[in-house]
Amino acid sequence: MTPPDFNALGDDDFRARVREFFAQHYPPHLRFVLRRARLAEMKAWYLTLSRHGWIAPNWPREYGGMGLDTGKMIILLEETERYGVSRVPDHGIVQVGPILMKYGTPGQQQFYLPKILTGEHIWGQGYSEPNAGSDLASLATSAVPDGDDFIVNGQKIWTTLAHDSTHIYLLARTSREGKKQEGISFLLVDAASPGITIRPIRNIAGHEEFCEVFFDNVRVPQANLVGGLNKGWTVAKALLSFERINIGSPRRPQYALKRLEQLAHAKGLFEDPGFVDKFTALELDLADLGSLYARYVEVVKRGEELGQEVSMLKIWAMEAWQRLTDLLIETAHEYGGMPGEHSMDGVDVDVLSPFYYARPGTIYGGSSEIQRNILAKYVLKLPS
Amino acid sequence: MPADPATSSTGNEHARMLRDSVADFVKRGTDIKRVRRLRETQPGFERPVWQQMAQFGWLGILVPEAYGGLGLGCTEMAIVAAGTASALTPEPLTAAAVLAAGAIMRSDNETLKRELLESLVAGASIPALAWQENAGVIDATQCTVRAEPFEAAIKLNGGKKFIAGAAGADGFVVSAQSPEGLTLYWVPAGSSGVTLDLQPLADGRTTGTLQLNDVVVPPSHVLASAACAREALEGAIDTTLVMAGAEMGGVMGRALDMSVDYMKTRVQFGKPIGSFQALAHRAVDLHIQRELSSAVLDDAVALFDAGVTGTRRSSMASRVKARCSEAGLRITREAIQIHGAIGFTDEYDAGLYLKRALTLSAWLGNAAQHRRRYAELAVTHE
Ligand SMILES: Cc1cc2nc3c(=O)[nH]c(=O)nc-3n(C[C@H](O)[C@H](O)[C@H](O)COP(=O)(O)OP(=O)(O)OC[C@H]3O[C@@H](n4cnc5c(N)ncnc54)[C@H](O)[C@@H]3O)c2cc1C
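Residues numbered from 1 in each chain as written. Chains lettered and ligands numbered in written order. Predicted model: local features only at pLDDT ≥ 70, side-chain atom pairs only at ≥ 80, totals over all residues. Heavy atoms only, no water.

1. Side note on the overall build of chain B
As a reminder of what qualifies: Counting from the N terminus, the helices are the DSSP runs of H or I reaching at least four residues and the strands are the DSSP runs of E reaching at least two. With C-alpha atoms as the basis for the radius of gyration, the globule rule is written as 2.2 Å multiplied by the number of residues raised to the power 0.38. Residue burial is assigned from relative accessible area. The probe radius is 1.4 Å, only protein chains are included, and a residue is buried under 20% of its type maximum, exposed over 50%, and partly exposed in between. Note that accessible areas follow from Shrake-Rupley with a 1.4 Å probe, and for residues the cover is restricted to the protein chains shown. Positive charges are assigned to Lys and Arg, negative charges to Asp and Glu, while His and the chain termini are left out of the count. One atom stands in for each charge, and that atom is NZ of Lys, CZ of Arg, CG of Asp or CD of Glu.
Of regular secondary structure, chain B possesses eleven helices and ten strands. Against the globule reference of 21 Å for 382 residues, chain B gives a C-alpha radius of gyration of 21 Å, in line with a compact fold. Across the 382 residues in chain B, those meeting the buried criterion constitute 60%. Here chain B has roughly 14300 Å² of accessible surface; of this, 53% comes from carbon and sulfur atoms. One way to put it: in chain B the 37 positive side-chain charges average out to a point 6 Å from where the 41 negative ones average out.

Have a look at this one:
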């Protein structure tokens, strides 16, 4: 089943197709879920996407993806956000697939890629450890060769949806010599392997979304090594250009912005110059982010490499999102201290969920402090 | 160090004893495990602990000696409010012993007043104040609950919202418009025609919504006549704003201490993260916020204890609530950032402090509302 060539459609036609698709197929009760939806809730949607050939928009068509170009990708993501479509557990699609296409053996590609498309394999990212967060290269989980296998020992943490994953892609230490980055390998691990224990960790929003994963003498076939021994750092850092700008897209805060606007209208706050200034400042923070984002999108569309300066998108997007949810809390008055959805002046809003979920945006995927260090060093070339 | 409003009044024996009893209580009588266990339960606190607070005299700090209290002031109350809040104690101390007690103390039904204050101070009965009807309102005169003569009694109709300490309250001080004007009534919990709903707060406690349908109140339960009801409410609210600021001081103090400790011990890139200047400067900025909060709080308790009234009192209360709400939210938000992913977990305490800060900030008006109130009061003052 080869999907049509969506890139051949005009932008407006493609957008209409996407809207129609969501309206027709997306479960209404899962619109605007203000947390990370679990696999059990999203499985049916995963399968729907899979059946229609829509599950892997970023993959080339010959691998069973939609093969969307950057412009079409953006349209799809805009519509996803606009309709309030939740993320499926997508690490296989977004990370493992592209990595295997670039670094995997033909055997690995043939085995894993189709199973990601069908949803048979769901992947979790096992990078961070208790003592290796921002300083990921200091990771200590070890993989020691033993016959045809590696024996893996150690602990990963903050693994998002590990308890929903059938597989975990892992960075493990395979050498203690030389630079720390040069002793790390990238492994594909079956989460059902003996010796793996997964413990969910509840977040401050009250949901169990990330986990601790313990490895106790876990056997991983050497055939599951990707990109060569001690080459894991290169594999992990080789994110596609598009993924690097996507985290800085201006779409994420749209729910909060829209609700804030509705709430402010209902409360008559647009008569209040003090509020108007606060609101407009944020609106323009996001609008201008959109302009900056579009500039980088053009770079990617031209097929050029993105430099380190792309870090600024993530900083601005995540911090503007936080400021927006701060204003949402403030505008909700008493309801700013009350969890769940409340009717305020006729508008139904949950203000605390967006507020809580905006918090870690400046922590995961390289914290704001780390991103600033990168910009200072590589863009401004400041001495360190 | 948690914000400590009494540092300026060293030598004050009461203050010293209270500080000791608070430190002792926080160490032994209450702990974070208990706070976690009581989250999302009802009433969300423990009567034996409340009794203990009564024994320490905390419930009567602001109550005149003639009514069984200690007759102390805001200086002393702030020590207890900050200390217990720094341990996230869930008992409704400020809701009952400052807000409700403040309204009762300023009332003119001597018999009822004595009865309510004595049983509050003894820990026997917990009152809650039901004055607010709409979100975003700090003005006690905005009141639509009606009090109408009914045979030899009074009949109340209407609704109240955002009642702090409503869970487990033995009765409510309810404001209503009577033919004479704004009046306060005592309505025991469970009276016929009274419905109480509890809604969860961010910190795991609850806030109450009260429905009054033809609630019949005997004349003996008219707590404050129209001659004093308004001042009773406004005085109680202003005092509570300052004490909520003290509580926020305790919360922000502990959250910042926790963060600074973490910066000294958490190692990344071979160094304690506190050695990274980006974080070090952030921590200093937060410390400045904490000190600004404790300084304005010090000024406020001194002014209140000197008997300030009217617009000056309300302006000062708004200054405290504005600064402490802003600083408390900022410090507890940054505490998460400084901790990284562990700060986003429910298991780690930083999130509990953020949630108490969210709750305290939203109570009786957040920073933006109080900046506005301050500005409006300044205009009327001229
Ligand atoms: C919701 C969520 C989901 C996640 N999902 C995953 C996942 O699926 N898989 C996975 O592997 N990981 C995941 N992570 C982990 C994430 O990658 C780490 O949280 C991140 O790398 C930061 O590490 P840390 O939490 O240990 O904080 P730390 O590195 O300990 O940082 C603590 C503080 O110190 C600051 N800091 C550290 N170094 C410096 C420096 N050099 N200069 C200035 N400041 C510095 C940080 O910015 C932060 O403020 C997730 C995290 C979150 C919050």
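From this point, the discussion proceeds with the structure in view.
2. Concerning the overall build of chain A
Along the backbone of chain A there are twelve helices and ten strands. Rg of the C-alpha trace for chain A: 22 Å, near the compact-globule value of 21 Å for 384 residues, within the 12% margin. Each principal axis of the C-alpha atoms in chain A carries an extent, and together these give about 75 × 50 × 40 Å. For chain A, buried positions account for 54% of its 384 residues. As presented, chain A carries roughly 16500 Å² of accessible surface, and 52% of it is formed by carbon and sulfur atoms. Averaging the locations of the 41 positively and 47 negatively charged side chains of chain A gives two centres separated by 4 Å.

3. Details of the site of the ligand
This is how the line gets drawn: Residues are counted as near a molecule or strand when any one of their heavy atoms sits within 4 Å of it. Under the rule applied, a polar contact is a pair of N or O atoms within 3.5 Å (in protein, one hydrogen donor and one hydrogen acceptor; residues adjacent in sequence only if both atoms are side-chain atoms). The nonpolar class holds Ala, Val, Leu, Ile, Met, Phe, Trp, Tyr, Cys and Pro. Asp, Glu, Lys and Arg form the charged class, and all remaining residues, Gly among them, are polar.
Neighbouring the ligand are 26 residues; A:Ser134, A:Ser367, A:Glu369, B:Arg266 and B:Gln337 lie closest to it. This site is not confined to one chain, since residues near the ligand come from chains A and B. Between the ligand and B:Gln268 there is a distance of 3.5 Å, counted from an oxygen atom to a side-chain nitrogen or oxygen. Elements with a minimum of two residues in the shell around the ligand: strand 3 (149–160) and helix 12 (368–379) of chain A together with helix 9 (310–339) of chain B. Taken together, the residues of the shell around the ligand break down into 13 nonpolar, eleven polar and two charged.

4. Quick word on the pairing of strand 5 (residues 181–188) of chain B
Walk down a regular strand and you will see the side chains alternate between the two sheet faces. All names here are of chain B. For clarity, the threshold we go by: DSSP bridges decide pairing: two strands pair if at least two such bridges lie between them.
Most of strand 5 sits out of view: seven of its eight residues are buried. Both strand 4 (residues 171–178) and strand 5 contribute to a ladder of eight bridges, which runs antiparallel. Residue pairing in the sheet places Val 173 in a bridge with Trp 186 of strand 5. Two successive antiparallel strands, strand 4 and strand 5, enclose a turn made up of two residues. In this sheet, strand 8 (residues 222–224) lies alongside strand 5 in antiparallel orientation, the contact comprising two bridges. The residue of strand 8 that forms the bridge with Tyr 185 is Val 222.

5. Some points on the domain arrangement of chain B
Residue and element names in this part refer to chain B. To keep it simple, the criterion reads: Annotation comment: domain bounds sourced from an automatic or database domain assignment. By the convention used here, residues are in contact when the closest approach between their heavy atoms is within 4.5 Å. For any pair of parts, buried area is found by adding up, for both, the accessible area (1.4 Å probe) each one loses once the two are put together. Every case where a carboxyl oxygen of Asp or Glu lies within 4 Å of a side-chain nitrogen of Lys or Arg is listed as a salt bridge.
Taken domain by domain, chain B comprises domain 1 (5–125), domain 2 (128–227) and domain 3 (230–381). Computed from C-alpha atoms alone, the centre-to-centre distance between domain 1 and domain 2 is 23 Å. With 24 residues of domain 1 at the contact, the number on the domain 2 side is 21 residues. Carbon and sulfur atoms supply 62% of the area that domain 1 and domain 2 bury against each other, a total of about 1700 Å² over both sides. It is Leu 99, Asp 108 and Leu 112 in domain 1 that bury the most area against domain 2; as a group they hold 22% of the surface buried on that side. Our enumeration of links across domain 1 and domain 2 arrives at one salt bridge. Put simply, Arg 47 and Asp 170 hold a salt bridge, and the shortest N to O gap is 3.0 Å. Connecting domain 1 to domain 2 are nine residue pairs in polar contact (both at pLDDT 80 or more). Per-element tally for the side of domain 1 that touches domain 2: the top contributor is helix 5 (residues 93–105), with five residues. Here the residues of the side of domain 1 that touches domain 2 sort into 13 nonpolar, five polar and six charged.

6. Some thoughts on the interface of chain A and chain B
Facing the 37 residues of chain A at the interface are 41 residues of chain B. Together chain A and chain B conceal approximately 3200 Å² of surface at their shared face, both sides included; 61% is due to carbon and sulfur atoms. Run the count over chain A and chain B and you get four salt bridges. Between A:Arg199 and B:Glu347 there is a salt bridge whose closest N-O contact spans 3.1 Å. Those elements that place two or more of their residues in the side of chain A that touches chain B are strand 6 (196–202), helix 10 (311–331), helix 11 (352–358) and helix 12 of chain A. For the side of chain A that touches chain B, the element with the highest residue contribution is helix 11 of chain A, accounting for four residues. Residues of the side of chain A that touches chain B, tallied by class, amount to 17 nonpolar, ten polar and ten charged.

7. Let's talk about the domain arrangement of chain A
Interfaces are often described in size by the accessible area the parts lose on coming together. Residues and elements named next belong to chain A. Here the domain parsing of chain A yields domain 1 (6–88), domain 2 (122–230) and domain 3 (248–379). Taking only C-alpha atoms, the centre of domain 2 and the centre of domain 3 are 32 Å apart. Both faces considered, domain 2 and domain 3 share a buried interface measuring about 380 Å² in area, 66% of it formed by carbon and sulfur atoms. For the domain 2 face of the interface with domain 3, the top three residues by lost area are Ser 134, Ile 204 and Ala 205, together amounting to 80%. Connecting domain 2 to domain 3 are zero salt bridges. Scanning the region where domain 2 abuts domain 3 turns up two residue pairs in polar contact (both at pLDDT 80 or more). Broken down by class, the residue content of the side of domain 2 that touches domain 3 amounts to two nonpolar, three polar and one charged.

8. Details of unusual backbone geometry
At the junction of B:Gln42 and B:Pro43, the peptide bond is cis and its omega measures out at 5° in the coordinates. Tracing the backbone through its elements, the reader meets B:Pro43 in the loop between helix 2 (32–38) and helix 3 (47–56). Positive phi, normally seen in glycine, also occurs at A:Asp345, with a value near 45°. Topologically, A:Asp345 is positioned in the loop between strand 9 (341–344) and strand 10 (347–350). By relative accessible area, which is 49% here, A:Asp345 ends up partly exposed.

9. Some words on the pattern of salt bridges
Residue and element names in this part refer to chain A. Counting across every chain of the model gives 48 salt bridges over all chains. Among the salt bridges present, the one from Glu 330 reaches Lys 278, with a minimum N-O distance of 2.5 Å. With Glu 330 in helix 10 and Lys 278 in helix 9 (residues 273–301), this pair connects stretches of sequence that are 52 residues apart. Salt bridges here are not isolated pairs; linked through shared partners, they connect Arg 15, Arg 19, Glu 78, Glu 79 and Arg 82.

10. Concerning the packing of aromatic side chains
All names here are of chain A. The criterion, for reference: The criterion for an aromatic pair is that two Phe, Tyr or Trp rings (for Trp, the six-membered ring) have centres within 6.5 Å, with stacked assigned to planes under 30 degrees apart, edge-to-face to planes over 60 apart and tilted to the rest. Sitting over a ring, as applied to charges here, requires NZ of Lys or CZ of Arg to be within 6 Å of the ring centre and within 35 degrees of the ring normal.
Applying the stated criterion across every chain yields a total of 29 aromatic pairs over all chains. Ring geometry for Phe 21 and Trp 45: centres 6.0 Å apart, planes at 55°, overall tilted. Of the two residues, Phe 21 sits in helix 1 (residues 11–25) while Trp 45 sits in helix 2 (residues 39–51), which places them 24 residues apart along the sequence. Aromatic ring contacts, followed pair by pair, group Phe 6, Phe 14, Phe 21, Phe 22, Tyr 26, Trp 45, Trp 54 and Tyr 83 into a single cluster. Over the aromatic face of Phe 111 sits the side chain of Lys 115, whose NZ or CZ is 4.2 Å from the ring centroid.

11. Details of helix 10 of chain A
Residue and element names in this part refer to chain A. Put simply, the rule reads: To estimate how far a helix should reach, multiply one less than its number of residues by 1.5 Å.
In this model, helix 10 (21 residues) spans 31 Å end to end at C-alpha, consistent with the 30 Å of a helix rising 1.5 Å per residue. When you tally the buried positions in helix 10, you get 17 out of 21 residues, the bulk of the element. Trailing helix 10 by a residue or two, His 333 shows a phi angle of about 50°, which is positive.

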